[in-house]
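Chain and residue survey
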Amino acid sequence: MKSIQLQNIKKAYDETEVIRGIDVTIEAGEFFALVGPSGCGKSTMLRMIAGLESITSGTLRIDGVAANDLKPSERQLSMVFQNYALYPHMTVEKNITFGLHTKGLTKLEQRERCLEAAETLGLTDYLKRKPRELSGGQRQRVALARAIVTESPICLMDEPLSNLDAKLRAKMRSEIRQLQRKLKLTMIYVTHDQVEAMTMADRMMLLNDGEVQQVGQPLDLYNKPANTFVASFIGSPPMNLTPVQRTDNGWVASDGRLFHPNTLTREDTATLGIRPEQITPANEDVTFYAELKNIEVLGTETILAFDMGGVEWLAKWPGQWPLSIGEKIACYVDPKQMSLFDTDGNRIEPRQPKLFEALEVFQ
Amino acid sequence: MTVALPRQRVRTRLSDAASGLLYLSPSIALFGIFLVYPLFRTIYLSFFQTDTQGTPLSYVGGEHYAKLFTSASFWQSIQATVGFVLLTVPLTIIIALGLALLANEKLRGIGIFRTAFSATMGMSVAASSVIWMFMYNPSIGIFNRFLEAVGASEVQWLLDPQYALLSVSLATVWMNIGFTFLILLGGLQNIDRTLYESADIAGTNYWTQLRAITIPMLSPTLFFVGIISLINAFQTFGQIDLLTKGGPTNSTNVIVYAIYKDAFINYNVGGASAQAVLLFLAVLLLTWLQFKLVERKVHYQ
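It should be emphasised that the depicted structure is a prediction, and the values quoted were computed from it without experimental measurement.

1. Side note on the overall build of chain A
Across its full length, chain A carries nine helices and 21 strands. Considered along the principal axes of its C-alpha atoms, chain A spans approximately 80 × 50 × 40 Å. When contacts within chain A are restricted to residue pairs at least 6 apart in sequence, those whose partners lie at least 24 apart make up 66%. The average position of the 42 basic charges and that of the 47 acidic charges among the side chains of chain A differ by 9 Å.

Dropping the structure here:
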């Protein structure tokens, strides 16, 4: 098991900076997901770790050793490409064993390893086939077999599931996760799909425009998004956001609805964020009333759309609700579940009980 | 209604065919006038004795063919043609492949080299031949100047039967490199970069990647270039006419040049037609063989 350390890593093409200083340590044996919208630099970062792109500045350490100038083959890693990068003219077996001779393995050892990897991934019957005779899912498995056959301690994956259909993707998600655990791989997994990252990763990093937005466990990003970008990227549907003004009574949205988030700040304007699943049907306390603009009944849950200060908000209620458009509903939100973001979009931490009293006096 | 329907269908099909033919007619006309008609006319003429204008006078059957097989000059021109093909085709492809591999590297200013390497494609055979004629010139040409400088005796490049075919072949290789280079470079650029990146991570070296990835992935392009070059080499005329006129002592009298001489200088149209038919059959057979033997090793994606 190997750890990977990135110290102020930057990448620039000519004058344009595409990675603007990344600091992160990926622990040995960790499943680390790199998430972000397309063009955010996540693939570039992975390729820099692999040694396929040069690092403009900063230090990359693999197991504590500076690795900036190491060749890709010297970094003890394997990589699965988005298009699988299989050799179309070679059989599955040749594809899996390609390059193993450079590790000083005899033909017999190569064959043994290949059979073992094929066994793990259920490819034993396909070893004599060419990639074009395989289905998308089987090709994906060949790419995985090729990664594990090298027994490299680090595995890099660049959107490996994006070419598969939804059902197969869900299956491969759990297979890859199990494989990583079984082989104790240090995994860096690039994806644009936040569901993949949330379900697979031990920790994840959200990138936007070459800058780190937040690093942490998936639930940290979900529960305490560091800024409005994280809030709107993580979660499906994403967090509802609307601008609010401070008044003596509390925070008020532009349509006059009043909120009392459990947060203290000196700001006069802020952005209020509430997750759709935290807007629940009101029993006694009502946070706000909403007139329904749209209803989607999905069987296990019902998605309700309504207007909040000029922004469309969504609420996710569990179960099937026989509501109709135009109907008024009463909603409740626990004040502790409300997030406030300052004018720069950064999260304002909720007040701690003790600090809160001290500040109350101060005010 | 049930009766009218099939009739209508027949009519639509007929008018579809008519409009299809109308669209094809320019191409059919050109193809017919300049390719199909001459081909059959040539086969026809090869069985006739003609006057100097090429008007058939009397049917002679296979006499022209029989004469050819016993004619020393015909065998000489076959020898020259085969020699020319063997000298030009492999050398052109190997050099062009080497240049294409170099030009495919991602380097600063590589565009200049790509332009330079493909530049001969834009030069006419006549202009290139004149350039090489100067370079081969025994007294002012650069080749003899060079030999002189290193102390070797000078060579009559285009006048010595020993060197003439080689000299013409070298000039031809140079002329053909541009086209072959461009096609091969295009083929190289079509190869997915991630295949090499994956091989880099696996730790294979440049030569393994060349042998195990580049050549197999390039094989359809190499096959195409091979066939085109072979056919081209069999049909070479311009540089022979400009540089050696088939001489000295018929050593560069390749078959197309021999056909030209027989038909338009010796006015033996029947004999020339017979040679043309044989050349056609030979090229047909070789191309068919190439498809049969080589294509099995070609990997199409």
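Read on for the rest.
2. Some remarks on the nonpolar core
Within the largest apolar cluster, 92 residues are counted, with the highest numbers of intra-cluster contacts made by A:Ile4, A:Leu6, A:Met45 and A:Leu156. For this core, the element with the most residues is helix α3 (residues 72-103) of chain B, which contributes 12 residues. Dropping the residues within four chain positions of it, A:Met45 is found in contact with A:Leu6, A:Ile19, A:Ile22, A:Leu34, A:Met205 and A:Leu207. One finds A:Phe31, A:Ala33, A:Leu144 and A:Val230 within the second-largest nonpolar core, a separate group that totals 44 residues.

3. Section: the sheet that holds strand β12 (residues 251-253) of chain A
Strand order in the open sheet made by the six strands is β13-β12-β11-β14-β20-β21 (chain A), with antiparallel pairing throughout. Either end of the sheet is taken by a strand with one partner, and the two such strands are β13 (258-259) and β21 (347-348) of chain A.

4. Structural notes on the pairing of strand β4 (residues 57-62) of chain A
Residues and elements named next belong to chain A. Note: strand β1 (residues 4-13) against β4, five bridges, orientation antiparallel. Bridging across to β4, Ile-4 finds its partner in Ile-62. Note: β4 against strand β5 (residues 65-66), two bridges, orientation antiparallel. Each bridged residue has a counterpart across the sheet, and for Arg-61 the counterpart in β5 is Ala-66. Between β4 and β5, which pair antiparallel and follow one another directly, the connecting turn spans two residues, one of which, Asp-63, has a positive phi of 55 degrees.

5. Regarding the domain arrangement of chain A
If you check the domain split of chain A, you get domain 1 (4-223) and domain 2 (238-362). For domain 1 of chain A and domain 2 of chain A, the distance between their C-alpha centroids amounts to 39 Å.

6. Quick notes on the packing of aromatic side chains
With the rule as written, the count across this model stands at 29 aromatic pairs over all chains. For the ring pair B:Phe69 and B:Phe74, a centre distance of 6.2 Å and an interplane angle of 90 degrees mean the geometry is edge-to-face. Among the aromatic residues, those joined into a cluster by ring pairs are B:Trp132, B:Tyr136, B:Phe143, B:Trp157, B:Tyr163 and B:Trp174. Positioned above the aromatic ring of A:Tyr222 is the side chain of A:Arg275, whose terminal nitrogen or guanidinium carbon lies 4.1 Å from the ring centre.

7. Some points on a negative patch on the surface
Where like charges cluster on the molecular surface, the negative patch consists of A:Glu109, A:Glu112, A:Glu116 and A:Glu119. Within the secondary structure, A:Glu116 sits in helix α3 (residues 107-120).

8. Section: the side chain of A:Lys316
Position of A:Lys316 among the secondary structure elements: in strand β18 (residues 311-318). Within the local environment of A:Lys316, its side chain forms a polar contact with the backbone oxygen of A:Ser236, the two atoms lying 3.1 Å apart.

9. Some words on the interface of chain A and chain B
Across the contact, 23 residues belong to chain A and 19 residues belong to chain B. For the chain A and chain B pair, buried surface summed over both sides reaches about 1,600 Å², with 66% attributable to carbon and sulfur atoms. Looking at the side of chain A facing chain B, the largest losses of area belong to A:Tyr87, A:His89 and A:Phe98, adding up to 30% of the total buried there. At the surface where chain A touches chain B, the tally comes to one salt bridge. Where B:Glu197 meets A:Arg47, a salt bridge forms, and the shortest distance between an N and an O atom there is 2.6 Å.

10. Points about the sheet that holds strand β16 (residues 288-297) of chain A
All names here are of chain A. Strand order in this open sheet of five strands is β15-β19-β16-β17-β18, and the pairing throughout is antiparallel. Only two strands of the sheet have a single partner each, and these edge strands are β15 (280-281) and β18. Note that β16 and strand β17 (residues 301-308) share five bridges and pair antiparallel. For Leu-292, the partnering residue across the bridge sits in β17 and is Phe-306.

11. Regarding the packing of helix α2 (residues 63-70) of chain B against α3(B)
All names here are of chain B. It is the contact of α2 with α3, at a shortest axis distance of 5 Å, that shows an interaxial angle of 70 degrees. One finds that α2 runs roughly perpendicular with respect to α3. The residues of α3 that touch α2, namely those facing Leu-68, Phe-69 and Thr-70, are Ala-72, Phe-74 and Trp-75.

12. Focus on unusual backbone geometry
All names here are of chain A. Cis rather than trans, the peptide bond between Ser-236 and Pro-237 has omega equal to -5 degrees. Mapping Pro-237 onto the fold places it in the loop between α8 (228-233) and β11 (240-246). Within the chain, Glu-159 stands out as a residue other than glycine whose phi angle is a positive 45 degrees. Turning to its location among the elements, Glu-159 is positioned in the loop between β7 (154-158) and α5 (166-183).

13. Things to note about the pairing of β11(A)
Residues and elements named next belong to chain A. Pairing of β11 with strand β14 (residues 269-274) involves six bridges; the strand directions are antiparallel. The residue bridging Asn-240 from the neighbouring strand is Ile-274, located in β14. The pairing of β11 with β12 spans three bridges and is classified as antiparallel. Considered in β12, the bridge of Arg-246 is made with Trp-251. Hairpin connection of β11 to β12: four residues between the antiparallel strands, including Gly-250 at a positive phi of 150 degrees.

14. A closer look at the environment of A:Val215
Counting through the fold element by element, A:Val215 comes out in strand β10 (residues 211-216). Between the alpha carbons of A:Val215 and A:Glu277 there is a distance of 23 Å; along the sequence they are 62 residues apart.

15. Quick notes on the environment of A:Arg111
Position of A:Arg111 relative to the elements: it lies in helix α3. Counting along the chain gives 189 residues from A:Arg111 to A:Thr300, while the straight-line C-alpha distance between them is 49 Å.

16. Let's talk about the state of the cysteines
All names here are of chain A. A full pass over the atoms with the stated rule returns zero disulfides over all chains. Free cysteine Cys-155: the closest other cysteine sulfur is in Cys-114, separated by 17 Å. The buried category is assigned to Cys-155, whose relative accessible area is 2%.

The rules behind the values
- Here the residue index of a chain counts from 1 through its sequence in written order.
- Each chain is given a letter, starting from A, and each ligand a number, starting from 1, according to the order in which they appear as written.
- Per-residue local features of the predicted model are confined to residues with pLDDT of at least 70, and side-chain atom pairs are confined, for both listing and counting, to 80 or more; whole-chain, interface and lining totals are unaffected and use all residues.
- The side-chain figures draw on all heavy atoms in the structure; neither hydrogens nor water molecules are used.
- Each helix corresponds to a stretch of at least 4 residues labelled H or I by DSSP, and each strand to a stretch of at least 2 residues labelled E; elements are numbered beginning at the N terminus.
- Here a residue-residue contact requires only that any non-hydrogen atoms of the pair lie within 4.5 Å.
- His is not counted, nor are the chain ends; Lys and Arg add positive charge and Asp and Glu add negative charge.
- To locate a charge, take atom NZ for lysine, CZ for arginine, CG for aspartate or CD for glutamate.
- Put simply, buried Ala, Val, Leu, Ile, Met, Phe, Trp, Tyr and Cys residues joined by side-chain atoms within 4.5 Å make one nonpolar core.
- Exposed residues in this analysis have more than 50% of their type's maximum accessible area, buried residues have under 20%, and partly exposed residues fall in between, with area computed by a 1.4 Å probe over protein chains only.
- Note: two strands are recorded as paired if DSSP finds a minimum of 2 bridges between them.
- Note that domain bounds follow an automatic or database assignment of domains.
- Stacked, edge-to-face and tilted labels apply to pairs of Phe, Tyr and Trp rings (six-membered ring for Trp) whose centres lie within 6.5 Å, assigned for plane angles under 30 degrees, over 60, and everything in between, in that order.
- Two conditions define a charge sitting above a ring: the NZ of Lys or the CZ of Arg must be within 6 Å of the ring centre, and it must be within 35 degrees of the ring normal.
- Exposure above 30% relative accessible area and the lack of any salt bridge qualify a residue for a patch; like charges then connect within 9 Å, and the nonpolar side chains Val, Leu, Ile, Met, Phe, Trp and Tyr within 5 Å.
- Using a 1.4 Å probe, the Shrake-Rupley method yields the accessible areas, and only the shown protein chains count as cover for residues.
- Each salt bridge in this description consists of a side-chain nitrogen of Lys or Arg and a carboxyl oxygen of Asp or Glu lying within 4 Å of one another.
- Whenever two N or O atoms come within 3.5 Å, that pair is a polar contact, provided that in protein one can donate a hydrogen and the other can accept it, and provided that, for residues adjacent in sequence, both atoms are side-chain atoms.
- Note: buried area is the sum, over both parts, of the accessible area (probe 1.4 Å) each one loses when the two are combined.
- Note on method: axes are straight lines fitted to C-alpha atoms, helices fitted across the in-contact stretch only, with angles between N-to-C directions ranging 0 to 180 degrees.
- These descriptions rest on fixed angle ranges, namely under 35 degrees for roughly parallel, over 145 for roughly antiparallel, 65 to 115 for roughly perpendicular, and the rest for oblique.
- Two cysteine sulfurs form a disulfide in these notes if their separation is within 2.5 Å.

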